[in-house]
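Topology and contacts: notes
Spelled out from the first residue to the last, the chains are:
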Amino acid sequence: MAKDSFLVGLIGSGIGPSLSPALHEREADRQGLRYLYRLIDIDTLGVPPEAVGELLRAARDLGFDGLNITHPCKQLVIGHLDALAPQARALGAVNTVVFEDGRATGHNTDVTGFAASFARGLPDAPLERVVQLGAGGAGAAVAHAILTLGAGRVTVVDALPERAAALADSLGQHFGPDRATAATLDRLPRLLREADGLGGLVHATPTGMAAHPGLPLPAGLLHPGLWVAEVVYRPLDTELLTTARALGCATLDGAGMAAFQAVDAFRLFTGREPDSARMLADIAELAGPVTAPK
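In this report, we go over the structure that sits alongside the text. (Residues numbered from 1 in each chain as written. Predicted model: local features only at pLDDT ≥ 70, side-chain atom pairs only at ≥ 80, totals over all residues. Heavy atoms only, no water.)

The next point concerns the packing of helix H10 (residues 255-270) against helix H11 (residues 276-287). In the contact formed by H10 and H11, the axes pass within 9 Å of each other and the chain directions differ by 140°. Put simply, H10 runs oblique to H11. The handedness of the crossing between H10 and H11 comes out as right-handed. Contacts between H10 and H11 involve Ala255, Gly256, Ala258, Ala259, Phe260, Ala262 and Val263 from the first element and Ser276, Met279, Leu280 and Ile283 from the second. In terms of residue class, the contact of H10 with H11 is made up of 9 nonpolar, 2 polar and no charged. (Axes fitted to C-alpha atoms, helices over the stretch in contact; angles between N-to-C directions. Helix = DSSP H or I, 4+ residues; strand = E, 2+ residues; numbered from the N terminus. Parallel < 35°, antiparallel > 145°, perpendicular 65-115°, else oblique. Left-handed = near helix turned anticlockwise from the far one by under 90°. Contact = heavy atoms within 4.5 Å. Nonpolar A, V, L, I, M, F, W, Y, C, P; charged D, E, K, R; others polar.)

Written out as structure tokens, the structure reads:
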């Protein structure tokens, strides 16, 4: 008999506003499944990100079927897993862990999630020159996605130069050395000027989240010749997006990525095929309308 009861969760920091529980549970209800999705917030627990291994073991011992992993644990969790799916291994970041037969296997559904959202929301966006701010777990995923979509060149910028360099090197190994490079924060103004009419900005840091409000870069660096794609989805309208729209930039919010990565995670957890259209409608209702390009 097919399994019809599931216990899953999310490990991360400041995840109280997450829509993942509602997204997963709504789809499970439609499929007639008993499905509980629990938040495991390291801030609430008062433990550091390095405690992810202990939390992972506890969840497995308690009978969880799987976990989603978010900031700041997507890379830290890898050392505590038994196996990695090829995509997660290539990225060096995990956002989904499946427990099966006593083993914990790491996956990454952020890549396919961002690619599907970008293709849907900014289908005609120029991709010759793309500047990406953020080289953490989400950054690795979206950089892979944007290069898979055909970006000519991605320049990765991060507050930690060594992290940007490591991601650019990894991207170069997969896509070719001419398609990815790293830069320091002081080069952002020039990079964004050079992308005018040729590409845009992908934002992949936690800045703008409910727990980390604000702008990730000076507003004066944005101009109408750029598109701006956001990874943060709660709030849906981050300060970056509202500022970019006011300047006339085409924009993409993080809701589509959140929905599509949840679609793939639900499939991994349950072995059932979710309805992506229904889950997109769910996130539009839960987080507000998915913003159309302007």
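In sheet architecture, strand pairing relies on hydrogen bonds along the backbone and comes in two forms, parallel and antiparallel. Taken in spatial order, the 6 strands of this open sheet run S2-S1-S3-S5-S6-S4, and their pairing is mixed. The open sheet terminates on both sides in strands that have one partner only, identified here as strand S2 (34-41) and strand S4 (83-84). Alignment of strand S3 (residues 66-69) against strand S5 (residues 96-100), held across 3 bridges, turns out to be antiparallel. Residue pairing in the sheet places Gly66 in a bridge with Val98 of S5. Packed onto the sheet, helix H3 (residues 52-61) meets strand S1 (5-12), S2, S3, S5 and strand S6 (103-107) and runs at close to 40° relative to S5. Most of the contacts of H10 go to S5, to which it runs at about 10°, and overall it touches S1, S2, S3, S5 and S6. (Pairing = 2+ DSSP bridges.)

This paragraph deals with the nonpolar core. Counting residues in hydrophobic clusters, the biggest one holds 34 residues, and the most contacted among them are Phe114, Phe118, Val130, Ile146 and Trp227. Among the elements of the structure, helix H5 (110-121), helix H6 (137-148), strand S8 (153-157), helix H7 (161-175), strand S11 (227-230) and strand S12 (250-252) are those that each provide at least two residues to this core. Examining the composition of this core, we find that 8 residues originate from one element, H6, more than from any other. Apart from the residues within four sequence positions on either side, Trp227 is in contact with Phe118, Leu122, Ala125, Pro126, Leu127, Val130, Ile146, Gly199, Gly200, Leu201, Val202 and Ala250. (Core = buried A, V, L, I, M, F, W, Y, C linked by side-chain atoms within 4.5 Å. Buried < 20%, exposed > 50% of the residue type's maximum accessible area, 1.4 Å probe, protein only.)

Let's shift gears to the sheet that holds S8. With respect to topology, 6 strands assemble into an open sheet ordered S9-S8-S7-S10-S11-S12, the strand pairing being parallel. The open sheet has two edge strands with one neighbour each: strand S9 (180-183) and S12. Here the strands of the sheet are splayed against their neighbours by 20° on average, with no regard to which way each runs. Where strand S7 (residues 129-133) lies against strand S10 (residues 199-203), 5 bridges are found, and the strand directions are parallel. Among the inter-strand pairings, Leu133 is bridged to a residue of S10, identified as His203. Against the sheet, helix H9 (residues 239-246) engages S10, S11 and S12, with an angle of about 165° to S11.

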